[in-house]
Amino acid sequence: MSESARLTCATCGQGNRVPLARLAEGPKCGTCGAALVDGGVAELDAATHEKVTRSDGLPVLVDYWAPWCGPCRMMAPEFAKAARTLAPGVRLMKLNTEDHPEVSARAGIRGIPALILYRNGREAGRLAGARPAAEIVAFARQHAG
């Protein structure tokens, strides 16, 4: 049997088992058909954030941001560039701290933008402030294992 990873769909929250050898083929959610590892940045809600950060089989880099934050908006295109570079080995996602303050409080977010890389259900690294794509990629590769 081939090695596989559990990936939570950012769209519907359903868990999917995906063979690691097929990650580059663009796997889709078995429930809603959304792409699981497409090099894009997925928006998370509180429930899906919990599932993704606790149980996903791939490293997940979450950008904690808010719409009123100028540096957050400036970093968004760089974060998207980093997502395309890091796929399919690292998934990049965003959480709006204004919509989900309880999640950012639990994560200990004191300023935004803040990046946290989760691996095997634990925080593996944290980076504060707006960064260019190259720094985001270097940070993710360093902490993704």
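In this report, the structure presented in the accompanying data block is examined. (Residues numbered from 1 in each chain as written. Predicted model: local features only at pLDDT ≥ 70, side-chain atom pairs only at ≥ 80, totals over all residues. Heavy atoms only, no water.)

1. Considering the overall build of the chain
Item 1. Across its full length, the chain carries 4 helices and 7 strands.
Item 2. Secondary structure elements of the chain occur, N-terminal to C-terminal, as β-β-β-α-β-α-β-α-β-β-α.
Item 3. Since a compact globule built from 145 residues should have a radius of gyration of about 15 Å, the 14 Å found for the chain is in line with a globular shape.
Item 4. Oriented by its inertia axes, the alpha-carbon framework of the chain measures out at about 45 × 30 × 25 Å.
Item 5. For the chain, the exposed area adds up to about 7200 Å²; of that, 51% sits on carbon and sulfur atoms.
Item 6. Averaging the locations of the 18 positively and 14 negatively charged side chains of the chain gives two centres separated by 4 Å. (Helix = DSSP H or I, 4+ residues; strand = E, 2+ residues; numbered from the N terminus. Rg over C-alpha atoms; globule rule 2.2 N^0.38 Å. Areas by Shrake-Rupley, 256 points an atom, 1.4 Å probe, with all protein chains shown as cover. Lys, Arg positive; Asp, Glu negative; His and termini not counted. Charge placed at Lys NZ, Arg CZ, Asp CG, Glu CD.)

2. Describing the pairing of strand 4 (residues 60-65)
Item 1. With 6 of 6 residues buried, strand 4 lies mostly within the body of the structure.
Item 2. Burial along strand 4 is two-sided: the face carrying Val 60, Val 62 and Tyr 64 and the face carrying Leu 61, Asp 63 and Trp 65 are both buried.
Item 3. As judged from the 6 bridges shared by strand 4 and strand 5 (residues 91-96), these two strands associate in the parallel manner. When the bridges of strand 5 are listed, Leu 61 appears paired with Leu 92.
Item 4. As a crossover connection, the stretch from strand 4 through helix 2 (residues 70-86) into strand 5 is right-handed.
Item 5. Summarising the sheet, strand 4 and strand 6 (residues 114-119) pair through 5 bridges and their orientation is antiparallel. (Buried < 20%, exposed > 50% of the residue type's maximum accessible area, 1.4 Å probe, protein only. Pairing = 2+ DSSP bridges. Right-handed = clockwise from strand over helix to strand, strands pointing away.)

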